[in-house]
Amino acid sequence: MKRFLNTLFVSTQGAYLKKDRENIVIEIEGAEAARFPVHLLGQVACFGNVMCSPFVLGLCAESGVAVSFLTENGRYLSRMVGKTSGNVLLRKQQFRASEDEGKAAEIAKAIVAGKVANQRTVIMRALRDHPEIEREGKISRAIDLMKNNLENLAEATDIDRIRGIEGDSANLYFGAFNDLILCQKEDFFFKDRNRRPPTDNVNALLSFAYTLLMLDCRSALESVGLDPQVGFLHADRPGRPSLALDLMEEFRPVLADRIALSMINRQQLKGKDFDRTASGAVLMKDDARKRLITEYQEKKKAELVHPFLNEKMETGLLFHIQALLLARHLRGDLDGYPPYVWR
């Protein structure tokens, strides 16, 4: 299972990936910069002008290592995979569940419950560690209202109602998000969540962090034999990895958002690490993306105890474990899907 920790992110423009026996070799300007045994990798993510030889693509396909292609700033383009893993019976169960309104709502409700609980915990911990961020009870009100939403969610059975509670909780969470930014306020301020393209530094940072998260969730789902395109909370749409977007919801606050806040508050990122285009879009510079990728990979090495399994594991295995638990639920081995809830 250790291989599921390892994603090779290649963001240096002009890099060339080639095969050398059972290794992936990265060349930059004709010189070898790094090499990685393919059996240690779960996937490869190429950002922007990164080229791959047909031989390295064949090696990855034979080894079960997916290769994803994204724009330089993280917009997903395509993915190359080898033979489909898993058995057809599990996927049939997934398709049936997605078309059953009651079953889909049940799984969506669990996903949203995990997400809202984790968003609430992020705010609560921030208030505990930095009580000075409280202004006129704004943070405490958001915490209380999110608790009410969790109680209302327990009674919800309609998918539209579940999505409505998720949306209201997101507004409460992001309404308090700017207060969690403790320094560099001139360069890092948050008014609302915007994307495609992001129009401020914080949203550019979040969007790239969410891309890293989506790639790991998609890889985990494929590794257990689930179809990442067929989801429960997110509606099906051509080219949209709906189930990967579902799975990543519970991880957004505790991984992506916390990493973004930490890098801002520790001044690991600064305003000069971002560029604004003529159209108003804000993009991270190459070196800033590399720092974020490094921080994300280091975070995945941290150990924790899984609240449902009560087992110690590295954070990077959470995606695979949650995909396995979802597959077990769809097979009928678990009565419900237990989302990851941060303690």
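Residues numbered from 1 in each chain as written. Predicted model: local features only at pLDDT ≥ 70, side-chain atom pairs only at ≥ 80, totals over all residues. Heavy atoms only, no water.

### Let's talk about the nonpolar core
Among the nonpolar cores identified, the biggest contains 90 residues, and F177, L226, F251, M284 and L292 are the most heavily contacted of them. The element best represented in this core is helix 6 (residues 201-223), accounting for 14 residues. Dropping the residues within four chain positions of it, F177 is found in contact with F190, V202, L206, D257 and L261. Within the second largest apolar cluster, 17 residues are counted, among which are L17, L41, C46 and C52. (Core = buried A, V, L, I, M, F, W, Y, C linked by side-chain atoms within 4.5 Å. Buried < 20%, exposed > 50% of the residue type's maximum accessible area, 1.4 Å probe, protein only. Helix = DSSP H or I, 4+ residues; strand = E, 2+ residues; numbered from the N terminus. Contact = heavy atoms within 4.5 Å.)

### What about the sheet that holds strand 3 (residues 23-28)?
Strand order in this open sheet of four strands is 4-3-2-6, and the pairing throughout is mixed. Edge positions in the open sheet fall to strand 4 (31-37) and strand 6 (51-52), since each of these has one partner strand only. Two strands pair when backbone bridges link them, and strand 3 and strand 4 are joined in this way by six bridges, in the antiparallel orientation. Across the sheet, the residue bridging to N23 is P37, located in strand 4. The strands that helix 1 (residues 54-63) touches are strand 2 (16-20), strand 3 and strand 6; relative to strand 2, the one it contacts most, it runs at about 65°. (Pairing = 2+ DSSP bridges. Axes fitted to C-alpha atoms, helices over the stretch in contact; angles between N-to-C directions.)

### Quick notes on the packing of aromatic side chains
Summed over the entire model, instances satisfying the criterion amount to 11 aromatic pairs. With a centroid separation of 5.8 Å and an interplanar angle of 65°, the aromatic rings of Y173 and F177 are classed as edge-to-face. One end of the pair, Y173, and the other, F177, are both in helix 5 (residues 159-177), four residues apart, so they sit about a helical turn from each other. Pair check on accessibility: Y173 and F177 agree, each one buried. Put simply, the rings of F9, F47, F208 and Y296 touch in pairs and so form one group of aromatic residues. If you follow R125 out to its NZ or CZ, it ends over the ring of W342, 4.0 Å from the centre. The ring of Y210 has R252 sitting right over it, with the charged end atom 4.5 Å from the ring centre. (Phe/Tyr/Trp six-rings, centres within 6.5 Å; stacked < 30°, edge-to-face > 60°. Lys NZ or Arg CZ within 6 Å of the ring centre and 35° of its normal.)

### Here's the deal with the sheet that holds strand 8 (residues 76-80)
The mixed open sheet is built from four strands, whose spatial order is 1-5-7-8. On the outer flanks of this sheet lie strand 1 (7-10) and strand 8, each paired with one strand and no other. Within the sheet, the average angular offset between the axes of one strand and its neighbour, ignoring direction, is 15°. Pairing geometry for strand 7 (residues 66-70) and strand 8, over four bridges, is antiparallel. The residue bridging L70 from the neighbouring strand is Y76, located in strand 8.

### A few points about the confidence of the model for the chain
Confidence in the prediction for the chain averages 88 pLDDT; 97% of positions are at 70 or higher. Confidence, expressed as mean pLDDT per element, reaches its minimum in the chain at strand 8 with 78 and its maximum at helix 7 (residues 242-248) with 95. (pLDDT = per-residue confidence, 0-100.)

### What to know about the pattern of salt bridges
A side chain of one charge can pair with a side chain of the opposite charge if their charged atoms are brought near each other. Overall, the coordinates contain 19 salt bridges when judged by the stated rule. Here D275 makes a salt bridge to K285, at a shortest N to O gap of 3.8 Å. In this pair, D275 sits in strand 9 (residues 274-276) while K285 sits in the loop between strand 10 (282-284) and helix 9 (286-299), placing the two residues 10 residues apart along the sequence. Look at K285 and you get partly exposed, because its relative accessible area is 33%. Through salt bridges with shared partners, a single ionic network connects K115, E166, E249 and R252. (Salt bridge = Lys/Arg side-chain N within 4 Å of Asp/Glu carboxyl O.)

### Concerning the environment of S78
Inspection of the secondary structure assignment puts S78 in strand 8. For S78, a relative accessible area of 34% translates into the label partly exposed. Among residues more than four places away in sequence, those in contact with S78 are V67, S68 and F69.

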